[in-house]
Amino acid sequence: MFIQTETTPNDDSLKFIPGVPVMGSGSAEFLDTRSALVSPLAIRIMGIEGVRAVFYGPDFVTVSKDSENSWAVVKPEIYSILMEHFTSQTPLFRSEEERENAGPQDTKILATDSETVAMIKELLDTRVRPAIMEDGGDIEYRGFDEVSGVVQVKLKGSCRGCESSAVTLKSGIERMLMHYIPEVKGIEQVLDEEERISLSEFEKLEQKLASKSASKDSK
């Protein structure tokens, strides 16, 4: 078995492609050891020092690490665990029920959904999700405000905490949704505490660099 790796827009996330189906369809994300308990593979990868998240796509596994640990140290351990898992053909989840519960339920169209919400979910699932998965990530629908016209989404996998995700949302996803669905006026990313801190630090760094640049230009 040959496991390929692909870089992602996020330097701290790598996409591993084992050449065999992983989820087959759908995705699953594990952000701590507790959530990873349902998957023998995820719990082993989460046990590697520096690993902070594991994401399963249809045919790939995205692993995210902290910035303190080098890929040169982390990657060989991930390779070894993935190789052992996929050659032994061990089930990805402990049960079929846990597999179904781990997958995304966000774009499932419900009887209570308005026509606008149904269209948003369909576009996210058929047009947006496949494109984001190419970069080792995923998108999750979180809601739609009928009054403001704002769609709320959550980025996952390699897109979680990535500085370029804001550009992806605005230049790609927002434009597409607004083009096909007139009721949509904008898109908003739902952030958890870790992502807020990460983006805040990035903005501070950008301001610092801009300030230095302006100072040099004035001399």
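You'll find the structure just up there.
Here the residue numbers are simple positions, counted from 1 along each chain's written sequence. This being a predicted model, a pLDDT of at least 70 is required before a residue's local features are given, and a value of 80 or more before pairs of side-chain atoms are given or counted; all residues contribute to the totals for chains, interfaces and linings. To get the side-chain values, all heavy atoms of the structure are used, and hydrogens and water are removed first.

A. Representation of the packing of aromatic side chains within the structure. The rule is short: rings of Phe, Tyr and Trp, with Trp giving its six-membered ring, pair when the centres are within 6.5 Å, and they are stacked under 30 degrees, edge-to-face over 60, tilted in between. One pass over the structure, following the stated rule, counts five aromatic pairs. Summarising the aromatic geometry, the rings of Phe30 and Phe93 are spaced 6.2 Å apart at their centres and angled 45° between planes, so their arrangement reads as tilted. Of the two residues, Phe30 is situated in strand β3 (residues 28-30) and Phe93 in the loop between α3 (71-88) and α4 (96-102); the sequence distance between them amounts to 63 residues. Classification of residues uses two cut-offs on accessible area relative to the type maximum, computed with a 1.4 Å probe and protein chains only: under 20% is buried, over 50% is exposed, and between them is partly exposed. We classify Phe30 as buried; its relative accessible area is 2%. Ring centres of Tyr56 and Phe93 lie 6.0 Å apart, and the angle between their planes is 85°; this geometry places the pair in the edge-to-face category. In this pair, Tyr56 sits in strand β4 (residues 51-56) while Phe93 sits in the loop between α3 and α4, placing the two residues 37 residues apart along the sequence. Using a relative accessible area of 0% as the deciding quantity, one classes Tyr56 as buried. An aromatic cluster is built from Phe30, Tyr56 and Phe93, whose rings are joined through pairwise contacts. Per the convention used, a helix needs a DSSP run of H or I reaching at least four residues, while a strand needs a run of E reaching at least two, with both numbered from the N terminus.

B. Expanded view of the nonpolar core. Joining through side-chain atoms within 4.5 Å is the link that ties buried Ala, Val, Leu, Ile, Met, Phe, Trp, Tyr and Cys residues into a set, and such a set is a nonpolar core. Core analysis: the largest hydrophobic core is formed by 26 residues, its most contacted members being Ile45, Val54, Tyr56 and Leu82. Secondary structure elements with two or more residues in this core: β2 (13-17), β3, α2 (40-46), β4, β5 (61-65) and α3. For this core, the element with the most residues is α3, which contributes six residues. Residues are treated as being in contact if the distance between any of their heavy atoms lies within 4.5 Å. In this structure, Ile45 is in contact with Val51, Val54, Val61, Val63, Ile81 and Leu82, ignoring residues within four places of it in sequence. Membership of the second largest hydrophobic core comes to 18 residues, among which are Val117, Ile120, Val128 and Leu155.

C. Expanded view of the sheet that holds strand β7 (residues 150-157). In spatial order, the strands read β6-β7-β8; together these three strands make up an open sheet with mixed pairing. Of all strands in the sheet, those with a lone pairing partner are β6 (137-144) and β8 (186-189), marking the two edges. Across this sheet, the average inter-strand angle for adjacent strands is 35°, counted without regard to direction. In this sheet, β8 lies alongside β7 in parallel orientation, the contact comprising four bridges. Paired with Val150 across the two strands is Gly186, which belongs to β8. Only C-alpha atoms enter the line fits that serve as axes; for helices the fit covers just the stretch in contact. Angles between N-to-C directions range over 0 to 180 degrees. Running at roughly 165° to β6, helix α5 (residues 115-133) makes contact with β6 and β7 of the sheet. Two strands pair if DSSP finds at least two bridges between them.

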